[in-house]
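Below are the chains, spelled out letter by letter.
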Amino acid sequence: MGTFCSVIKFENLQELKRLCHWGPIIALGVIAICSTMAMIDSVLWYWPLHTTGGSVNFIMLINWTIMILYNYFNAMFVGPGFVPLGWKPENSQDSMYLQYCKVCQAYKAPRSHHCRKCNRCVMKMDHHCPWINNCCGYQNHASFTLFLLLAPLGCIHAAFIFIMTMYTQLYNRLSFGWNTVRIDMSAARRDPLPLVPFGLAAFAATLFALGLAIGTTIAVGMLFFIQKQTLTGPAPSSELLLCLSPLLQPLCPLHLIEGLPLFLLTLYFTKHDVLLQGPFPPGNMSKMKIVLRNKTSIESWIEEKAKDRIQYYQLDEVFVFPYDLGSRWKNFKQVFTWSGVPEGDGLEWPIREGCHQYTLTIEQLKQKADKRVRSVRYKVIEDYSGACCPLNKGIKTFFTSPCTEEPRIRLQKGEFILATRGLRYWLYGDKLLDDSFIEGVSRMRGWFPRNCVEKCPCDAETNQAPEGEKKNR
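Residues numbered from 1 in each chain as written. Predicted model: local features only at pLDDT ≥ 70, side-chain atom pairs only at ≥ 80, totals over all residues. Heavy atoms only, no water.

All right, on to the overall build of the protein chain then. Within the protein chain, the regular secondary structure consists of 16 helices and 15 strands. Scored against the burial criterion, the 473 residues of the protein chain give a buried share of 49%. Long-range pairs, those at least 24 residues apart, make up 71% of the contacts in the protein chain between residues at least 6 apart in sequence. Entry remark: accessible area of the protein chain is about 24,200 Å², with carbon and sulfur atoms responsible for 63%. (Helix = DSSP H or I, 4+ residues; strand = E, 2+ residues; numbered from the N terminus. Buried < 20%, exposed > 50% of the residue type's maximum accessible area, 1.4 Å probe, protein only. Contact = heavy atoms within 4.5 Å. Areas by Shrake-Rupley, 256 points an atom, 1.4 Å probe, with all protein chains shown as cover.)

Turning our eyes to something else, we now look at the nonpolar core. Counting 26 residues, the largest nonpolar core has Val83, Trp87, Leu347 and Leu360 as the members making the most contacts within it. Among the elements of the structure, strand 4 (120-122) and helix 12 (297-313) are those that each provide at least two residues to this core. The greatest single-element share of this core, amounting to four residues, is contributed by helix 12. Residue contacts for Trp87: discarding those within four places in its chain leaves Leu98, Ala106, Tyr107, Lys108, Ala109 and Leu347. If you look at the next biggest cluster of nonpolar residues, it comprises 21 residues, including Ala75, Phe77, Phe147 and Val220. (Core = buried A, V, L, I, M, F, W, Y, C linked by side-chain atoms within 4.5 Å.)

So, about the packing of helix 3 (residues 22-46) against helix 6 (residues 200-225). The interhelical angle for the contact between helix 3 and helix 6, taken along N-to-C directions, is 130°, at an axis separation of 9 Å. What the angle tells us is that helix 3 and helix 6 run oblique. Classified by chirality, the crossing of helix 6 by helix 3 is left-handed. Contacts between helix 3 and helix 6 pair Val30, Ile33, Cys34, Met37, Asp41 and Trp45 from the former with Ala202, Ala205, Thr206, Phe208, Ala209, Leu212, Ala213 and Thr216 from the latter. Of the residues that constitute the contact of helix 3 with helix 6, the class distribution is 11 nonpolar, two polar and one charged. (Axes fitted to C-alpha atoms, helices over the stretch in contact; angles between N-to-C directions. Parallel < 35°, antiparallel > 145°, perpendicular 65-115°, else oblique. Left-handed = near helix turned anticlockwise from the far one by under 90°. Nonpolar A, V, L, I, M, F, W, Y, C, P; charged D, E, K, R; others polar.)

For the rest of this paragraph, the subject is helix 14 (residues 359-374). For helix 14, which comprises 16 residues, the first-to-last C-alpha distance of 23 Å matches the rise-based estimate of 22 Å (1.5 Å per residue) to within 8%. Contacts made by the buried residues of helix 14 are with strand 3 (113-115), helix 12 and strand 11 (376-380). (Expected span 1.5 Å × (residues − 1).)

Turning to the pattern of salt bridges, a few remarks are in order. If you walk through the whole model with that rule in mind, you get 11 salt bridges. Between Lys366 and Glu317 there is a salt bridge, with its nearest N and O atoms 3.8 Å apart. Pair noted here: Lys366 is in helix 14 and Glu317 is in the loop between helix 12 and helix 13 (328-333), with a separation of 49 residues, a long-range link. Among the residues examined, Glu317 registers a relative accessible area of 31% and is labelled partly exposed. Where Arg445 meets Asp430, a salt bridge forms, and the shortest distance between an N and an O atom there is 3.1 Å. Of this pair, Arg445 sits in strand 14 (residues 443-449) while Asp430 sits in strand 13 (residues 426-432); the two residues are 15 residues apart in sequence, bridging distant segments of the chain. The exposure class assigned to Arg445 is partly exposed, which follows from its relative accessible area of 36%. Taken together, the salt bridges that share partners define one network made up of Arg309, Glu317, Glu363 and Lys366. (Salt bridge = Lys/Arg side-chain N within 4 Å of Asp/Glu carboxyl O.)

Right, let's talk about the packing of aromatic side chains for a bit. The description of an aromatic ring pair uses the distance of the two centres, along with the angle that the planes make with each other. Within the structure shown, the criterion is met by 16 aromatic pairs. Measuring from ring centre to ring centre gives 6.3 Å for Tyr46 and Phe160, while their planes differ by 80°; the resulting arrangement is edge-to-face. One end of the pair, Tyr46, is in helix 3; the other, Phe160, is in helix 5 (residues 141-170), and 114 residues separate them in sequence. Ring plane angle 65° and centroid distance 5.3 Å describe the contact between Tyr428 and Trp447, whose orientation is recorded as edge-to-face. Here Tyr428, found in strand 13, pairs with Trp447, found in strand 14; they are 19 residues apart in sequence, far enough to count as distant. (Phe/Tyr/Trp six-rings, centres within 6.5 Å; stacked < 30°, edge-to-face > 60°.)

Taken together, the side chains of Trp22, Ile26, Trp131 and Leu223 define a hydrophobic patch exposed on the protein surface, amounting to about 370 Å² of accessible area. Here Leu223 shows up in helix 6. According to the relative accessible area criterion, Leu223 is partly exposed, its value standing at 33%. (Patch = residues over 30% accessible without salt bridge, like charges linked within 9 Å, V, L, I, M, F, W, Y side chains within 5 Å.)

Attention now moves to the side chain of Lys108. Here Lys108 lies in the loop between strand 2 (106-107) and strand 3. Although Lys108 is buried, it forms no salt bridge, and the closest oppositely charged side chain is Asp430 at an N-O distance of 12 Å. (Lys, Arg positive; Asp, Glu negative; His and termini not counted.)

Tracing the sequence through the fold places His128 in strand 5 (residues 127-129). His128 sits in the buried class, given a relative accessible area of 8%. The sequence separation of His128 and Cys118 amounts to 10 residues, and the corresponding C-alpha distance is 9.1 Å.

Our focus in this paragraph is the pairing of strand 12 (residues 416-422). Among the seven residues in strand 12, six count as buried, and that is most of the element. With six bridges joining them, strand 12 and strand 13 adopt antiparallel strand pairing. Within strand 13, the residue paired with Gly422 across the bridge is Leu427. The antiparallel pairing of strand 12 with strand 13 creates a hairpin that spans three residues between the two strands. (Pairing = 2+ DSSP bridges.)

Residues at a pLDDT of 70 or more form 74% of the protein chain, whose mean pLDDT is 79. Contacts for the low-pLDDT stretch residues 228-284, under 50 throughout, to residues beyond four places or in other chains number 147 contacts. For residues 436-442, every residue scores under 50 in pLDDT, and the model assigns this stretch 11 contacts once sequence neighbours within four places are set aside. (pLDDT = per-residue confidence, 0-100.)

Given below as structure tokens:
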């Protein structure tokens, strides 16, 4: 009893609040409906337990459910890990290579970024995921990747059960006339009769579950194979499952056991770039490729911007991503380990030859300076309330509102905005609350309609477009 009380602490129970969000509610609801209906359909109407195949099928369904939920809750409650408040490098001279976070009052460690949603700097940030109401990062990268793999596989199995159940139960109940199709739900096909007859309600529930399973397979499968990079930022980690580590230790090898076939699968698919990329734009990269190259979604975007910066200024330099160790297997082991705990401490990382620990952060500083140079200053000519989809700004502005959790900013006539990226009818930038617009000491950041502002004369002459119009996130 004392051990149980020591594990269930007040601060750990606070993490259960993550479940009170539309993302986990929908995700867990879909998992519950598909798993429950697949087991009911299989046992009652398709493959009864008294047969060998039925027993194996039932065990597989339970296995899918356990593995999916294990990796889902692991990704949610363990979290990505975050940079300690007030952190700074051991060598004070290294701080010149790092960005400083005013919110966390700390330097941003290599590969870390600040999450607006969670208000913390996160280790090895990949992206913020509303479905787990947390973020994918250093500590939960393996669990999140396995969840993206296992969820479609489990839903494919469930969809097969649903289809076969409806086929076997409706096969002898359909009769076709010249102008009509008749379904006799009172006719049973199986002998002996099932305990619960397959009626109209069961048919409707099975059809609904089939739709959820197919939709999940497509949606989550695309997240796994073609993951759109986002720049929202990850969330802070939790110590709930870390406190339960003595109880979960026997399950830890599941990370590498599940990861081995995943590694073989990635080796196959990464050799077929057409299948992975298809018609999607260059800003998309498969989660599989990201793991094998030891990158995150944001780091892939930083690398892409580095190439654009070098090409734009025609510089005689080449950017080499420092954390790609050159071997897919070595990169793979940076995420998937026997213990279930990723290598390193989340602050320092193994690097390839010719690079050093701050190669990526130096590139980020260059891009930040370039961003200031290429940004465009606008003057507000029309008030904007900060609404997500404003009706009074035009139909096109209403229907093209950015699909992102990034904020909108309220504008008043006469204010100034420093735009850094944009869409056709929307811009993203910093509101300048004083004259120090170059440093942006005091500012607010977010999206606003393009028709509410006009370029300042000094910037209109240069005719520069905000960064991101060509490749906007």
